[in-house]
Amino acid sequence: MPNDLIFAAPDLSVAAIAGSTSGFPVRRIFCVGRNYAAHAAEMGNEVDREAPFYFTKSAHALCASGSTIAYPPGTQDCHYEMEFVVAVGQPAFRVTKGDAMAAVWGYGCGIDLTRRDLQGAAKDKRRPWDLGKDFENSAILASLSPAADFGEIDAQSIKLMRNGETVQAARLSDMVWSVPEIIAHLSGFYHLRPGDLIYTGTPAGVGPVQSGDVLQGAVDDLTPVELSIGARE
Ligand code: MN
């Protein structure tokens, strides 16, 4: 191993924890695609009921709730996607659905910002989605809550307001793949570790953001997420 670094190590991405001065160090960000049937339909896709699928975002895409960000570069069609986020706190590898929830530390409200035009172009050319999904400030996250402070997942609602108007509203029970199913499946491909986040997909009602917009998202038992879209850089 080298003795030192030629420049300062990149900042660690840290998520806030509700009611605590401690932070949750973020390791990886996994995102589930097409996990609500109505959203898959609005995008012209069918839900794959054989298995969930994923894309990833760098931990450096994390953006704290309450931020104002510049309208993202390189896109004319940036979309909001409100999501329920699972925070992993225990290792999990090839766990069963029955054992999966032991890996969960807690939950948070997130927004998966998406450069929809770039994602669409990539889909058309059968290319990866990275430019459309994995960019700076594209993984918005509110303060996390421990699982013990959160009620039954299926009983809760998820919603997003754009400038005070509700644009997304669903139940977490609408998810095609449940949280334990996602963890069990994902743990067959990765050694999940503390600090990993899983964005569990978005309900129907996604749409574009404009400079000046304020997004406010909520899940019943969680700290709401808020994001303001500023001018282009
Ligand atoms: Mn998403």
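What you see is a predicted model; the values in this text were computed from it and never measured.

K.L.:
Just to check I follow, could you spell out the overall build of the chain for this structure?
P.N.:
A count of helices and strands for the chain gives four helices and 18 strands. When its C-alpha atoms are laid out on the principal axes, the chain stretches across 45 × 40 × 40 Å. Out of the 233 residues in the chain, the part that is buried amounts to 46%. Across the chain, contacts joining residues at least 24 apart in sequence account for 78% of those joining residues at least 6 apart. Summing over all exposed atoms, the chain offers an accessible surface of approximately 11200 Å²; the carbon and sulfur share of this is 50%. Here the chain contributes 19 positively and 28 negatively charged side chains, and the mean placements of these two sets differ by 6 Å.

K.L.:
Explanation requested: the pattern of salt bridges in the structure shown.
P.N.:
Close approach of charged atoms allows side chains of opposite charge to pair. Following the criterion strictly, the structure yields eight salt bridges and no others. The closest approach of N and O atoms between Asp196 and Arg27, which form a salt bridge, is 3.5 Å. Taken as a pair, Asp196 in the loop between helix 4 (179-186) and strand 15 (197-199) and Arg27 in the loop between strand 2 (23-25) and strand 3 (29-33) lie far apart in primary sequence, 169 residues in all. Classification of Asp196 by relative accessible area gives buried; the value is 0%. Residue Arg27 is classed as partly exposed on the basis of its relative accessible area, which comes to 40%.

K.L.:
How should the sheet that holds strand 17 (residues 214-219) be read in this particular structure?
P.N.:
Pairing between the strands of a sheet is mediated by backbone hydrogen bonds and can be parallel or antiparallel. The sheet built from five strands is open, its strands ordered 6-18-17-13-14 with mixed pairing. At either margin of the open sheet sits one strand with a lone partner, and together these are strand 6 (67-71) and strand 14 (165-171). Recorded for the sheet is a direction-independent mean angle of 20° between the axes of neighbouring strands. Where strand 13 (residues 157-162) and strand 17 come together, five bridges link them in antiparallel fashion. In the sheet register, Ile158 faces strand 17, and the bridge partner there is Val219.

Definitions and cut-offs
Residues numbered from 1 in each chain as written. Predicted model: local features only at pLDDT ≥ 70, side-chain atom pairs only at ≥ 80, totals over all residues. Heavy atoms only, no water. Helix = DSSP H or I, 4+ residues; strand = E, 2+ residues; numbered from the N terminus. Buried < 20%, exposed > 50% of the residue type's maximum accessible area, 1.4 Å probe, protein only. Contact = heavy atoms within 4.5 Å. Areas by Shrake-Rupley, 256 points an atom, 1.4 Å probe, with all protein chains shown as cover. Lys, Arg positive; Asp, Glu negative; His and termini not counted. Charge placed at Lys NZ, Arg CZ, Asp CG, Glu CD. Salt bridge = Lys/Arg side-chain N within 4 Å of Asp/Glu carboxyl O. Pairing = 2+ DSSP bridges. Axes fitted to C-alpha atoms, helices over the stretch in contact; angles between N-to-C directions.

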